[in-house]
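One letter stands for each residue in the lines below.
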Amino acid sequence: MNPRTPPTLRLLGALATAALLGTAAQAEEITLKVHHFLPAGAPIQAKVLEPWCAKIAKESGDQIKCKIFPSMQLGGTAPQLYDQVKDGIVDVIWTIPGYTPGRFLVTEIFELPFMMTTPEATSRALWEFQTRYNAAEYREVKPLAFHMNGPGNFYTRSKPIQSLADFKGLKMRGATRQTTKMLAALGATPVGMPLPAVTEALSKGVIDGALTPYEVVQATKMHELTKFTTESDPKSNAVYAQVFVLAMNKARYESLPADLKKVIDANSGAAFSAWVGKMIHEADVPGRKLVQQAGNPIYTLSASELQTWKKATDRLDDELVTEIGKRGLDGAALLQSAKELIEKAQGQ
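A quick note: this is a predicted structure, and the numbers were derived from the prediction, not measured.

1. Focus on the state of the cysteines
Move 1: Taken as a whole and assessed by the stated rule, the structure comprises one disulfide.
Move 2: Covalent S-S linkage joins Cys-53 and Cys-66, the inter-sulfur distance amounting to 2.4 Å. Between Cys-53 and Cys-66 the disulfide shows an S-S torsion of about -90°. By sign, it is left-handed. Residue Cys-53 is located in helix H2 (residues 43-59), and its partner Cys-66 is located in strand E2 (residues 64-69); the two are separated by 13 residues in the primary sequence.
Move 3: Exposure remark for Cys-53: the relative accessible area of 9% places this residue in the buried category.
Move 4: Taking the relative accessible area as the measure of exposure, Cys-66 reaches 23% and is therefore partly exposed.

2. Concerning the confidence of the model for the protein
Move 1: In the predicted model, the protein carries a mean pLDDT of 93, and 92% of its residues have values of at least 70.
Move 2: Considering only residues more than four positions removed or in separate chains, one finds that residues 14-27, a stretch of pLDDT under 50, has zero contacts.

3. Re the sheet that holds E2
Move 1: Pairing in this open sheet of five strands is mixed, and the strands run E2-E1-E3-E10-E4 from one edge to the other. Each edge of the open sheet carries a strand with a single partner, namely E2 and strand E4 (141-148). The mean inter-strand angle of the sheet, taken between neighbouring strand axes irrespective of direction, is 20°.
Move 2: Relative to strand E10 (residues 243-249), E4 runs antiparallel, the two sharing seven bridges. Note that in E10 the partner of Met-148 across the bridge is Val-243.
Move 3: Set on the sheet, H2 makes contact with strand E1 (30-35), E2, strand E3 (92-95), E4 and E10; between it and E2 the angle comes to about 160°.

Here is what the cut-offs are and how they apply
- Residues numbered from 1 in each chain as written.
- Predicted model: local features only at pLDDT ≥ 70, side-chain atom pairs only at ≥ 80, totals over all residues.
- Heavy atoms only, no water.
- Disulfide = S-S within 2.5 Å.
- Helix = DSSP H or I, 4+ residues; strand = E, 2+ residues; numbered from the N terminus.
- Buried < 20%, exposed > 50% of the residue type's maximum accessible area, 1.4 Å probe, protein only.
- pLDDT = per-residue confidence, 0-100.
- Contact = heavy atoms within 4.5 Å.
- Pairing = 2+ DSSP bridges.
- Axes fitted to C-alpha atoms, helices over the stretch in contact; angles between N-to-C directions.

Spelled out as structure tokens, the structure:
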């Protein structure tokens, strides 16, 4: 502006420029729709998604914000979440890949019985494995984290599970293909269903028990709907655990300017995956307390009993290796790589 321009006009020009800059800044703000299947009070939202959203907002100068939609508020079912983010219906999802059986076959290696050491170490190993050996299964999205939950437990209505013989005649819910196969190998009648369906299935007697970690006890009312809980020896590898993925729509990520991509990249990956596993495992503590407060006895499987269970389920490793081989991949090598990465991460 010409220095001879009257002060009033100069002020008006400055205000107009500021307004234009403000409009441009507002235009650059991005709100990510984050969709998941658990209630808003669940640990995944309170301990992971909300802190993650706050962190990316801060590091982006509030250019990236989130709006979290729990309990499938944007429609669909939990097994449809992956396709929702793939197709751009939502921007970010958190879900269990195993809700679509066989689709993420190589990922199932980490859901085999007795694979997981601790959620933190195994989550780190899982990210390393997926990026090195299994990126193809998630090529349609932008993975932000892969993680495990805490060690899974067995909750039953009519009798406690203390040995293999106790599974006979029980209809037990499993979340993924590998957990239902494991239940069959242990002698139960497996019933596959996503977590949101478990509460009603238990209350109506459709199932006699369910497999979940302590973390979701409150969300599922497991402490109210079952009477007995069985957990494994904490010194042993977990009888079972599940793989979870936090993923972003690929086109949405690619549309970000370079500086905002860096913010997303800085808040995803191996260290972030390990942190998520740690947070979710910590959420097992209040869940276990709820079971105790309900007066439900908790049985702990001994190392010797777990060895019997391991022998009963060992064939699942071979079966998955064979299935992976039918897709032209070296299943045995992939399984060995997963075990080595878990061992390495456990030592870090």
